[in-house]
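# Remarks on the overall topology
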Amino acid sequence: MGEPSFLSTKQGRKIAYHRSEGQGPWVVFLGGLKSDMQGTKAVFLEEWAKQQGRAFLRFDYSGHGESSGDFTDGCIGDWAEDTAQAVATLTQGPILPVGSSMGGWQALLLARSMPERVAGLVTIAAAPDFTEDGYWAGFSDEQKQALEEVGHVELPSDYMEPYIITKRMIEDGRNQLVLRSPLELPFPVRFLQGTADTAVSVATAVRLLEHASGPDMQLRLVKDADHRFSDGPCLGLMLEAVEEVLAAGD
């Protein structure tokens, strides 16, 4: 896929990215926690964008993929800063964020911080507020004590080595919550969610749909699709949602 370029942020982080010029709005892929821009969905969308002559951006948050930093030093707010600076520096005009899992939360934060730039929104297994409603709410008293005394806890992962969840990630997450106050999404929105997802529940997707407000918002449940949402049919549904949102804005 070629070597990435790098963006230096105001915080001194180096963000690896791939961008391709084309017709707007810019499609911006936002990956999940501990994911990277080499994932199936990101690369699939980039190939489609190039074929269609669409402007496209994918990048790695700090502590992810080829960007600088360690994962355990980061938090939701840091990655929101990375996202905002990547969008501000590397794209122009309207954007269409496509957020997967934690990237769905990032897409909602982006929409809240720069609504004038957002032409539409697509999420796949969006995980807003998961540090509070997933991790913290599920921690035992022993884990909460470890977080306080050791500064982190280790959680098992279906995909790789355990997730190390730091006290900073939990505390910062409380400053980034999007489901506790009005969430205006005044553009076409498509939420995609698999019913066999063990990381993000259908209930979370429904809660997001019910909480957010906007003139053109749909939740699409896909029976038996898992959290990866990256087999052929799921990629087709993701692309269909992106094209639908782009068409609605034309």
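These lines cover the structure that appears in this document, whether it is placed above or below. Note that this is a predicted model, so its numbers are computed, not measured. (Residues numbered from 1 in each chain as written. Predicted model: local features only at pLDDT ≥ 70, side-chain atom pairs only at ≥ 80, totals over all residues. Heavy atoms only, no water.)

## Here's the deal with the pattern of salt bridges
The test is simple: Here, a salt bridge means any side-chain nitrogen of Lys or Arg that lies within 4 Å of a carboxyl oxygen of Asp or Glu. We count a stretch as a helix when DSSP gives it H or I for four or more residues in a row; a strand needs E for two or more, and each element gets its number in order from the N terminus. Any residue under 20% of the maximum accessible area for its type is buried, any over 50% is exposed, and the rest in between are partly exposed; the area is computed with a 1.4 Å probe on protein chains only.
Applying the stated rule across the entire model yields 16 salt bridges. In this structure, Glu46 engages Arg58 in a salt bridge whose closest nitrogen and oxygen atoms are separated by 2.9 Å. Within this pair, whereas Glu46 is found in helix α1 (residues 40-52), its partner Arg58 is found in strand β4 (residues 54-59), the two being separated by 12 residues in sequence. Overall, the relative accessible area of 3% leaves Glu46 in the buried class. A salt bridge links Glu240 to Arg220; the shortest N-O distance between them is 3.8 Å. With Glu240 in helix α8 (residues 232-249) and Arg220 in strand β10 (residues 217-222), the pair connects residues that are 20 residues apart, well separated along the chain. For Glu240, a relative accessible area of 41% gives the class partly exposed. Look at the salt bridges and you will find they share partners, linking Arg13, Asp78, Glu81, Asp82 and Arg168 into a network.

## Things to note about the packing of aromatic side chains
By convention here, two paired aromatic rings are described through the distance between centres and the angle between planes. Selection rule: Geometry of aromatic contacts follows a simple scheme: Phe, Tyr and Trp rings, the Trp one being its six-membered ring, pair when their centres are within 6.5 Å, and the pair is stacked under 30 degrees between planes, edge-to-face over 60, tilted otherwise. Think of it as a cone above the ring: NZ of Lys or CZ of Arg counts as a charge over the ring if it is within 6 Å of the ring centre and within 35 degrees of the ring normal.
Using the criterion set out here, one finds 7 aromatic pairs in the structure. Here the aromatic rings of Trp105 and Phe130 are separated by 5.3 Å at their centres, their planes lie at 80 degrees, and the arrangement is edge-to-face. Taken together, the residues Trp105 in helix α3 (residues 102-113) and Phe130 in helix α4 (residues 130-138) connect sequence positions 25 residues apart. Neither Trp105 nor Phe130 differs from the other in exposure class; each is buried. Centroid distance Trp136 to Phe139: 6.4 Å. Interplanar angle 70 degrees. Geometry classified as edge-to-face. Residue classification places Trp136 among the partly exposed residues on the basis of a relative accessible area of 25%. Taking relative accessible area as the criterion, Phe139 reaches 7% and is therefore assigned buried. One aromatic cluster is present, formed by Trp105, Phe130, Tyr135, Trp136 and Phe139 through successive ring pairs. The lysine or arginine in question, Lys34, covers the ring of Phe71, its NZ or CZ lying 5.1 Å from the ring centre.

These figures capture arrangement, not role.
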